[in-house]
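An overview of the molecular structure
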Amino acid sequence: MDWQVNCGLHLVIQTSSLPEKNKVEFKLHKETPSFPGRLLQHDLERNYSSRQGDHINLVSSSMPSFPILQRSSEEKILYSDRLTLERQKLTVCPIIDGEEHLRLLNFQHNFITRIQNISNLQRLIFLDLYDNQIEEISGLSTLRSLRVLLLGKNRIKKISNLENLKSLDVLDLHGNQISKIENVSHLCDLRVLNLARNLLSHVDNLNGLDSLTELNLRHNQITFVRDVDNLPCLQRLFLSFNNISTFESVCCLADSTSLSDITFDGNPIAQESWYKHTILQNMMQLRQLDMKRITEEERRMASVIAKKEEEKKRESQKQSLLKEKKRLTINNVARKWDLQQHRVTSIAANQDRKDSDSPSQDPCQVDGSTISAFPEETGSLDSALSNALQGLSVTDTHLVEVDGDTLSLYGSGALESLDRNWSVQTAGMVTTVSFTFIEFDEIVQVLPKLKIKFPNSLHLKFKETNLVMLQQFNALAQLRRIDQLTIDPQGNPVVSFTLWKYYVLFRLSHFSMQKINGTEVTQNDMIMAERLFGILAHVASSELPQYRLISILGDARKKQFRYLLETKGKKPGVVSEENNDSKRLVGENTNRATLNYTTRDFYNEKLEEIKEKKKFCKMYIEDLVKEATEINMKNEALQKLWPQMFIELVRDAVIEIRNKSSYMKLCLQQITDQK
């Protein structure tokens, strides 16, 4: 092997085999007598090549398994401190007698399975057992002077039995089967540790290696690193070809003040776009990365990129927090919604039980349209439900979100956002409005605001809004335009109706809708809708009086309605075909307009108004009846007194005019007194 060490030592070793049995001859040539002061860098895992050696006799002993090594006196004097037994097909360590002065012993490229028969070499400094079949570190407890131990390319599974080797300077264990770093904390003088090509999955237990300057961990299965920041002298760390994927798994390296050279090539982390600038930004003391010198320009660019990445990271964290807050808020709104639905269901069930015990009543008639009576919410909640609602009151119970062209409203409190001063740009950008966990009756009340605040809204979405009957779709007619309508089956029982889509197309035909629940609207759909519900609209409009029609249509359609009245009396041949088409179109719109929807709150207001009117009418009728009764009683009394009164009147008149002259004087006197 040609091996140039840092101190300038160059060994040239050759080996030659003799034909004699049990006898091997070596030659050794030494160019410098000095022993290397510093051995092994990260390249200790290199294979060694041919050597030349000295003449040595291996003689069989009485114990056939242990050959005895013998050298001549001249050879001992010439090569007193070193011995090479490389590539001799040894399966055991030979017995070495009379060589207590040896300092360098080489057993490279043999088949040795156990370290033995060298305990007497207490002056040994350099022991090379590279490329053998050793499975356990043993037999070294007496070698207290050992400085270099090379055990690369063996079958060692555990680091052990190094307690007495406190002077160890270089420890090479590359190419073994070691899965854990252990039992090395006492090696306070160790400067080089090579554990490349093992089975390590993590790096730790390095405390106590206060002199370690080089650590080679190439070609392992390492995913994270710890304790390296506790090595005060570490300068070179080689982590190439492992499984490191994030900087967080090696973040302790940033705390090292001595580390100047590190390698990560061959790891997943080295493929990331942020790899280089992240390493340089967090490890300012580095001079080399992946065996390449770091320039000042690279440091400057790394600093700039790191700042940008930090800004992105903060923004990402902010978005993550907002996303999590959104998720929690939506969950909170959903819980509140479920509690409210449970409350409504309980109240409805109680009301049904009450109604079953009392006579049935007809639905209330309001403004000529039939509306089902809603029960008053007078029932009390369970204590558990009440407590839950109180708990929700201290957290967010609604959410308003603008994402691109979509305005999403969660919870009834979100409807108040329509009163905000939305910017023209934001309001104009919104084309889709989504309602979730909001009663449809509450949505109806803000539809006029929606039409004004977001004039470009074309797509409405409803989820968990309690759409339960077809009449509710009538309320959407007051909007300016709808191109798409999405009704989620969740929380909207009306979707289970077979004909609900056709009713929507019929009632909102003036919008010329394009899609319902993502499905394109065809001309056949429009024709079918007209066939199914056209008669219904005609009957509804024909049964209403003129004043009621005008109040429903409003001022904007009064002119259209007057046009209808004017064309009713004309003869069939007078009206042109174009006018007939206009009449048909206006009639359809008018008929549809009579199909309106009254919300529960509005209905309750109407009930209160009707109650007030009934009360007033009752009092008014009672007053009229009372007055009529009094008049009748007076008339009856008059009828009884009238005959006697008439007789007295006639008698008084006859008496007064019996003396004509006296009567005339009296009359003149009364006239004079009046003047």
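All values reported here derive from a predicted model rather than from experimental measurement. (Residues numbered from 1 in each chain as written. Predicted model: local features only at pLDDT ≥ 70, side-chain atom pairs only at ≥ 80, totals over all residues. Heavy atoms only, no water.)

1. Re the sheet that holds strand 17 (residues 236-238)
Taken in spatial order, the 11 strands make up an open sheet running 7-9-10-11-12-13-15-17-18-19-20, and their pairing is mixed. Sheet topology places strand 7 (82-84) and strand 20 (292-293) at the edges, where each strand pairs with a single neighbour. Summarising the sheet, strand 7 and strand 9 (residues 104-106) pair through three bridges and their orientation is parallel. Looking across to strand 9, one finds that L83 is bridged to L105. (Pairing = 2+ DSSP bridges. Helix = DSSP H or I, 4+ residues; strand = E, 2+ residues; numbered from the N terminus.)

2. A closer look at empty space enclosed by the protein
This model, assessed by the stated rule, comprises one cavity of 30 Å³ or more. Approximately 40 Å³ is the volume found for the largest cavity. Taken together, K451, F454, P455, S457, L479, R480 and R481 make up the lining of the largest cavity. (1 Å grid on protein atoms, 1.4 Å probe; cavity = no way out; pocket = protein on both sides within 12 Å on 5 of 7 lines; lining within 4 Å. Points joined across faces, edges and corners; volume = space filled by probe spheres on them.)

3. Some thoughts on the environment of A540
Locating A540 in the fold gives a position in helix 8 (residues 523-542). Residue A540 is classed as partly exposed on the basis of its relative accessible area of 24%. Spatially, the C-alpha atoms of A540 and L595 are 7.2 Å apart, while their sequence positions differ by 55 residues. (Buried < 20%, exposed > 50% of the residue type's maximum accessible area, 1.4 Å probe, protein only.)

4. Some remarks on the nonpolar core
In a soluble, globular protein the nonpolar side chains are often hidden away together inside. Membership of the largest hydrophobic core comes to 68 residues, with the highest contact counts inside it found for F107, L127, L149, L237, L253 and F264. Among the elements that make up this core, the one with the highest residue count is helix 2 (residues 275-282) (three residues). Setting aside residues up to four positions removed in sequence, F264 forms contacts with L239, S240, I244, V250, L253, I269, A270, Y275, I279, L289 and D290. Within the second largest apolar cluster, 47 residues are counted, among which are V433, V446, L505 and V521. (Core = buried A, V, L, I, M, F, W, Y, C linked by side-chain atoms within 4.5 Å. Contact = heavy atoms within 4.5 Å.)

5. Quick word on the environment of R226
With respect to the secondary-structure elements, R226 resides in the loop between strand 16 (224-225) and strand 17. In this structure R226 comes out as partly exposed when scored by relative accessible area, which is 43%. Leave out the neighbours within four places in its chain, and R226 touches V203, D204, L206 and C252.

6. So, a negative patch on the surface
A surface patch of negative charge is lined by E622, D623, E627 and E630. With respect to the element layout, E622 can be found in helix 12 (residues 600-656). (Patch = residues over 30% accessible without salt bridge, like charges linked within 9 Å, V, L, I, M, F, W, Y side chains within 5 Å. Areas by Shrake-Rupley, 256 points an atom, 1.4 Å probe, with all protein chains shown as cover. Salt bridge = Lys/Arg side-chain N within 4 Å of Asp/Glu carboxyl O. Lys, Arg positive; Asp, Glu negative; His and termini not counted. Charge placed at Lys NZ, Arg CZ, Asp CG, Glu CD.)

7. Focus on unusual backbone geometry
The backbone of N205 shows a phi angle near 60 degrees, a positive value even though the residue is not glycine. Relative to the assigned elements, N205 resides in the loop between strand 14 (202-203) and strand 15 (214-216). On the accessibility criterion, N205 (35% relative accessible area) is partly exposed. Even without glycine at this site, S512 takes up a positive phi of about 50 degrees.

8. Focus on the pattern of salt bridges
In this structure the tally under the stated criterion is 15 salt bridges. Of the charged contacts in the structure, one is a salt bridge between R481 and D483, with a shortest N-O distance of 2.9 Å. For R481, a relative accessible area of 43% gives the class partly exposed. Classification of D483 as buried rests on a relative accessible area of 8%.

9. Considerations on the sheet that holds strand 26 (residues 459-463)
Strands sit in the order 23-24-25-26-27-28-29 across an open sheet of seven strands; the sheet is mixed. With one partner strand each, in any of the chains shown, strand 23 (399-403) and strand 29 (519-520) form the two edges of the open sheet. In this sheet, strand 24 (residues 406-410) lies alongside strand 23 in antiparallel orientation, the contact comprising five bridges. Paired with E401 across the strands is S408, a residue of strand 24.

10. Let's talk about the confidence of the model for the protein
A residue-level look at the protein finds 73% of positions with pLDDT of 70 or above and a mean pLDDT of 76. Confidence over residues 1-55 falls short of pLDDT 50; this stretch has 158 contacts with residues more than four positions distant or in other chains. (pLDDT = per-residue confidence, 0-100.)

11. Brief notes about the UniProt feature "coiled-coil region" (unreviewed entry) in the protein
Per the UniProt record, "coiled-coil region" (unreviewed entry) is annotated on residues 294-327. Annotated as residues 294-327, this span is 94% helix and 0% strand, and its ends, taken at the C-alpha atoms, are 45 Å apart. (UniProt positions renumbered as here; feature names shortened; annotations may be inferred.)

12. So, the pairing of strand 25 (residues 432-436)
Of all five residues that make up strand 25, five are buried, and the element is covered over most of its length. Relative to strand 25, strand 24 is paired through five bridges, and the arrangement is parallel. Its bridge partner being in strand 25, S408 is matched across the sheet by S434. Following the backbone out of strand 24, through helix 5 (residues 424-429) and into the adjacent parallel strand 25, one traces a crossover that is right-handed. The pairing of strand 25 with strand 26 spans five bridges and is parallel. Paired with V433 across the bridge in strand 26 is L460. The parallel pair strand 25 and strand 26 is bridged by helix 6 (residues 440-453), and the resulting crossover is right-handed. (Right-handed = clockwise from strand over helix to strand, strands pointing away.)

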